[in-house]
Amino acid sequence: MKLRPLRLLLLGAALALLLAVAMAVGLTPMFQTWAARRFIAAQPNLKAQVGEVSATWSRVDLKNLRYEQNGAVLIVPAVEIDVPVVVAGLDRRITVSRFVARGWTIDLGKTDNAAAVVPGGGREVRVRPIANVVQLFSGIFAQLAPPCDLSVDGLELEGEVILPESRGRAKVTIRGGGLGVGREGKFDLTASVALRGTEVDVVEVRSRLVAAMDTPRTFSRFTVGLDAVARGPALTGEVKLHADATASRDGAGEKYAAGVVSGGREIFGLAAEFPRGAGKLSGSWRVDVRDGDVAPFALGKPLPAFAASGMGVVEVDAGFSGFGIGGKLGVTANRLHVWRAELAPLGELKMSANFNVAGREGLWVVKSIDAAVAGDRPVASLRALQPFEFRPATFELTAAELARDVFGIELQGVPIAWLRPFVQAMELQGGRLRGALVASPRNGGLTLRSVSPLNLDELTLGRGGQPWIERTDLTLTAALDFTPQGWQVEIANGRLQQAGATLLTVEGRAGQLAGKNQPIKTTGQILAHIPAWISQPLVAGRHALTNGEAAIRFTASMDATAEVQATIGMKNLTAQGESGAVNLPALTLNVRADVASDGRVVFNVPIEIEREGRKTDLLAAGTIEPEKEKSRGLDTQLTGTSVVVEDALIFGAVFPEKKEERKTPVTTAALPPWAGLHGSVSLRLDSVVCGEYFRATQVRGKFRIEGSMVKLEALQAGLGAGGRASLKGVLMFDRAVPQPFSVQLDVAVREFDPSPLLRGLNTRQTGMVEGKLDAKGRLSATGSRLATLAEATAGEFQISSRGGVFHGFPVSVTTATESPGRIATIIASAGSVFGGRSAKKDGAEITSRAEAVAELVRGWNPLPFDQLSVVVAFDATRMIALKNFTLISPELRLTGAGSAVHWPGKRLIDDTLTMDFKLRGRGRQAELLKYLGVLETQADDLGYAGCSVPLRVTGTFGQSDPAELNTKLAALALEKGGLVDRAAELFNKLRGAGK
């Protein structure tokens, strides 16, 4: 018990020691720096750094201070402040006896002086709210009341300001002191600004601020005087600017006055009073300023040419919750492009306004307004039709007489060039926009509707220096609704015309519901009249359409994913072909596409082609992936139940081949059409119809895009009854060679019967060969452009058949034997030598050469065969070579070769043909040839003996010409010798007379 006082003493000593240690640690620079940095780190919006903090009982030192805001950077090497720290903390009294900062720098080089870019391509002008500006002139003493007792005896600041855009530097010095109760603090500012690359070299500024305090925490008076002088090579001498402002407070309230004088003329003036208890500031303003008055002091920032004059009154509520301003103002402005480049088209503007407006708590009260804008002629005007109130946040418009329109906008002639900043992606030229709109309250918002159509004349629209439409006139009516529920824009009776002809008509609307992340939805329809488009640059010379119309009906929802649906229909289409007008099928596309925010596209496009009761239906569906490494992934399927090739290919008449000679050399492509894509396109077509007699079924295949090549992977198709076709190949692009495009295509056909196809193409006969064919070969081509590959195609095919009928000798028994037979009869009756030899005919004797020829011809036309093969080769010169022709039948063997010429624009069956054959026979055919005396004595390994008479067939693939063959057969029907020759000559004359 006796030890308790000692223990208490020891405990007190320990606590005192700990406190002393804590105070000692707290006064060390290391701890103070750590604490300051920790405080800064805890402020997420504070961009500041400090190198070292050192504070004693009466002094604070800061080193290497850095502070950044909105791109402006303040760097202070050292700050020295003599201030009693403990007193300031305990008694809330700040007495600064000395505040010194030298060598500091304010770097404005990275500040954002341009307007901010807003979504949609527009630009947002940053305007300080009017209420914030008013605070400089209303209740300023209350705003500047310090939170503690304040006195400043010595202030010394020396540093440098780096101006934006490398315009120059300013050396700034601020010195002064004496601020305290019952004293006037005086602070002098001097600045010397050295500018670069401007018409002004130097701007010098001298200013004095005098502030008086009537209590330790309130100011009673401020006066500011400023004198500025500008010098430079573009100035005739020194340009001076003087400004002063005063603010005083007494028992009656506060008074403010400000004025700016340039060249002995007041360019701005303000006088206002804030009586105690009045609840509002009221005063008057006046302005009479030109760009020349202030441009030399803009510190190198170029200003538009302008002149503004006006006067009026101003009121501000005590709580800054409302204001009012009225008066009249006239402004003339030019060279606005130095402010913002996109304003260059505005040229010289003249604006005038008489207004009386007020604002409070987000509400604008318009008592009256009458404003107009003009250029070289009146442009637009705005007039209040009755007093109204408008709340911009909700677009709420109210007025005393709700049944009346509130304000009107008249567009007397807005130059089309003024619209360019709003459609920067397009190029606009033309005349002026005219029309009138009025506004009225609607559902807690407003509606703005046209009371006379909006007209835009002489419109020329294009992109990249290429016009799309020229010298057209646009007319429409419009309505815009802005309500708390959302907004909507509607266009009606839109019409684009030229010289009285309508190019297109437009109707539609777009809107968005209020709320976060609501999509923008739009719907409408466009009807284009093709004849009126023929002369427009967008389509002139690009197609041969002469009549028809195209209708587009669309809906879209644009959010994080844009959903687009459109029906595109084209009907009554007529194109001018080489042989006259061509009526085209009706075409319908139903487009559905979803475009995600990352660029991924999912699409589904049914396609219908209708003509004369026939219908082609296709479906293109798939995805296009977002761009990655300058390439987009493609996965597409092209499916269809029925495709009529003729109806699809007839659209080629829309884009006819140009026949004129090129005046400039053909340049090779820098990139292939599939550049920027990779992936695949799959084909699944159930039926492909060519004409009335040919049909391919179950067409299946895939195109794969890989870098510089497109691969066709094993396309399969059924051909006719039991036939099959297989194709595979590759299309390549190599920009390093003169002809960068090349293609190779391997084709294989089995069991294909061409007779139905040939009958469809040539109704006169079935073609040269009737039966099922096998073919195998390769096509290849190179070219400077993709479109020229078809003209440069070469290839070779091996064609064979295991049974069929050959129609290459379309000779007639009557033609070959009738006239020679008559001649032979006459000669026989005169005692000639007919029938000198005999042969069996089906077991009976052949009594005349005419009968032998007739039986021979009956075996040739038609000619059934067991085997047939031929090699068909062709090149880019249009020559077709038929090589190694071999035909084997039980009694005949035919070999030979020939050639054909293909003429562009004509069908393959119409190609001119020449074939030379070697005929061999056995059995009955050999007996007939032997009877006629044209059978060689030696037979081949199969027992076929050759015919000594060469056979030539001419004509086309579709129909042979038997004239030369008939002549040779007619000659065989007669005996040899001079009589035979004369008979043949006579026969030929008879044939010629019979034509």
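Residues numbered from 1 in each chain as written. Predicted model: local features only at pLDDT ≥ 70, side-chain atom pairs only at ≥ 80, totals over all residues. Heavy atoms only, no water.

Caption draft 1: Representation of the overall build of the protein chain in the model. In terms of regular secondary structure, the protein chain is built from 14 helices and 58 strands. Each of the 995 residues in the protein chain was classed as buried or not, and the buried ones make up 36%. Considering only intrachain contacts with a sequence separation of at least 6, the fraction spanning at least 24 residues in the protein chain is 51%. Carbon and sulfur atoms provide 58% of the accessible area of the protein chain, an area that totals close to 54500 Å². (Helix = DSSP H or I, 4+ residues; strand = E, 2+ residues; numbered from the N terminus. Buried < 20%, exposed > 50% of the residue type's maximum accessible area, 1.4 Å probe, protein only. Contact = heavy atoms within 4.5 Å. Areas by Shrake-Rupley, 256 points an atom, 1.4 Å probe, with all protein chains shown as cover.)

Caption draft 2: Here's a closer look at helix H13 (residues 963–972). Taken together, the buried positions of H13 are occupied by Leu965, Asn966, Leu969, Ala970 and Leu972. Across the axial projection of H13, the buried residues extend over an arc of 155°, all falling on one side. (Arc of directions from axis to C-beta.)

Caption draft 3: Representation of the packing of aromatic side chains. This structure, assessed with the given rule, holds 13 aromatic pairs. Note on Phe885 and Phe917: the rings are 5.1 Å apart at their centroids and 70° apart in plane angle, and the pair reads as edge-to-face. A residue pair is termed long-range when its members are at least 10 positions apart, and Phe885 in strand S52 (residues 879–888) and Phe917 in strand S54 (residues 912–921) qualify at 32 residues. Among the aromatic residues, those joined into a cluster by ring pairs are Phe806, Phe809, Trp860, Phe885 and Phe917. (Phe/Tyr/Trp six-rings, centres within 6.5 Å; stacked < 30°, edge-to-face > 60°.)

Caption draft 4: The nonpolar core, seen in detail. Counting residues in each nonpolar core, the largest one holds 53 residues, and the members touching the most others are Trp104, Leu179, Val203 and Phe297. Among residues more than four places away in sequence, those in contact with Phe297 are Val203, Ala228, Val229, Ala230, Val239, Lys240 and Leu241. One finds Leu856, Leu863, Phe885 and Leu951 within the second-largest nonpolar core, a separate group that totals 42 residues. (Core = buried A, V, L, I, M, F, W, Y, C linked by side-chain atoms within 4.5 Å.)

Caption draft 5: Representation of the pairing of strand S31 (residues 486–498) within the structure. Bridging between strand S30 (residues 466–483) and S31 involves ten bridges; their strand directions are antiparallel. Directly across from Ala478, in S31, lies its bridge partner Ile491. The loop that links S30 with its antiparallel partner S31 comprises two residues. Of the strand pairs in this sheet, S31 and strand S32 (residues 501–513) are connected by eleven bridges, and their pairing is antiparallel. Note that in S32 the partner of Leu496 across the bridge is Leu504. Taking the residues that link successive antiparallel strands as the turn, the S31-S32 hairpin has two residues, and the phi of Ala499 there is positive, at about 50°. (Pairing = 2+ DSSP bridges.)

Caption draft 6: View of the packing of helix H11 (residues 849–860) against H13. The N-to-C vectors of H11 and H13 enclose an angle of 145°; their axes lie 8 Å apart at closest approach. In contact with Arg849, Val853, Val857 and Trp860 of H11, H13 contributes Leu965, Leu969 and Leu972. Classifying every residue of the contact of H11 with H13 by side-chain character gives six nonpolar, no polar and one charged. (Axes fitted to C-alpha atoms, helices over the stretch in contact; angles between N-to-C directions. Nonpolar A, V, L, I, M, F, W, Y, C, P; charged D, E, K, R; others polar.)

Caption draft 7: How the structure looks around the pairing of strand S33 (residues 520–529). Pairing analysis gives nine bridges linking S32 to S33, with the strands arranged antiparallel. Residue pairing across strands places Leu504 opposite Ala528, the latter belonging to S33. Counting the residues in the hairpin turn of S32 and S33 gives six residues, including Gly515, whose phi is positive at 120°. Where S33 lies against strand S34 (residues 545–558), ten bridges are found, and the strand directions are antiparallel. For Ile526, the partnering residue across the bridge sits in S34 and is Ile552.

Caption draft 8: Spatial organisation of the side chain of Ser440. By the element assignment, Ser440 lies in strand S28 (residues 432–442). Note on Ser440: relative accessible area 10%, which makes it buried. A polar atom in the side chain of Ser440 sits 3.5 Å from the side chain of Arg449. For Ser440, the residues in contact, after removing those within four places along its chain, are Leu397, Asp405, Val406, Gly445, Leu446, Thr447 and Arg449. (Polar contact = N/O pair within 3.5 Å; in protein donor to acceptor, adjacent residues only side chain to side chain.)

Caption draft 9: Local environment of the side chain of Thr522. Positionally, Thr522 belongs in strand S33. By relative accessible area, which is 19% here, Thr522 ends up buried. At 3.0 Å, the side chain of Thr522 forms a polar contact with the backbone oxygen of Arg509. Leave out the neighbours within four places in its chain, and Thr522 touches Arg509, Ala510, Phe554, Thr555, Ala556 and Met558.

Caption draft 10: Seen up close, the confidence of the model for the protein chain. Confidence in the prediction for the protein chain averages 81 pLDDT; 83% of positions are at 70 or higher. Across the protein chain, the secondary-structure element scoring lowest on mean pLDDT is strand S8 (residues 123–124), at 35, and the one scoring highest is S33, at 94. Note that residues 819–839 has pLDDT below 50 and, in this model, 31 contacts with residues that lie over four places away or in other chains. (pLDDT = per-residue confidence, 0-100.)

Caption draft 11: Structural context of a nonpolar patch on the surface. Residues Phe39, Leu46 and Tyr67 make up a contiguous nonpolar surface patch of about 280 Å² in total accessible area. Following the sequence through the fold, Leu46 ends up in the loop between helix H2 (29–41) and strand S1 (47–49). (Patch = residues over 30% accessible without salt bridge, like charges linked within 9 Å, V, L, I, M, F, W, Y side chains within 5 Å. Salt bridge = Lys/Arg side-chain N within 4 Å of Asp/Glu carboxyl O.)

Caption draft 12: Representation of helix H12 (residues 923–931) within the structure. Of all the positions in H12, only Arg924, Gln925, Ala926, Leu928, Leu929 and Tyr931 are classed as buried. Note on H12: the residue one or two positions beyond its end, Gly933, has a positive phi of about 80°.

Caption draft 13: The environment of Gly103, seen in detail. One can find Gly103 in strand S6 (residues 98–107). Measuring from C-alpha to C-alpha, the distance between Gly103 and Val76 comes to 6.8 Å, with 27 residues separating the pair along the chain. Once you skip the residues sitting within four places of it in the chain, Gly103 turns out to touch Ile75, Pro77 and Glu158.

Caption draft 14: Expanded view of the environment of Glu204. The residue Glu204 is located in strand S13 (residues 202–215) in this model. The spacing of Glu204 and Phe297 is 93 residues in sequence and 9.3 Å in space, taken between C-alpha atoms. Not counting the four nearest positions on each side in its chain, Glu204 is found in contact with Ala191, Ser192, Asp227, Ala228, Val229 and Arg231. Engagement of the side chain of Glu204 in a polar contact is seen with the side chain of Arg231, the distance being 3.5 Å.

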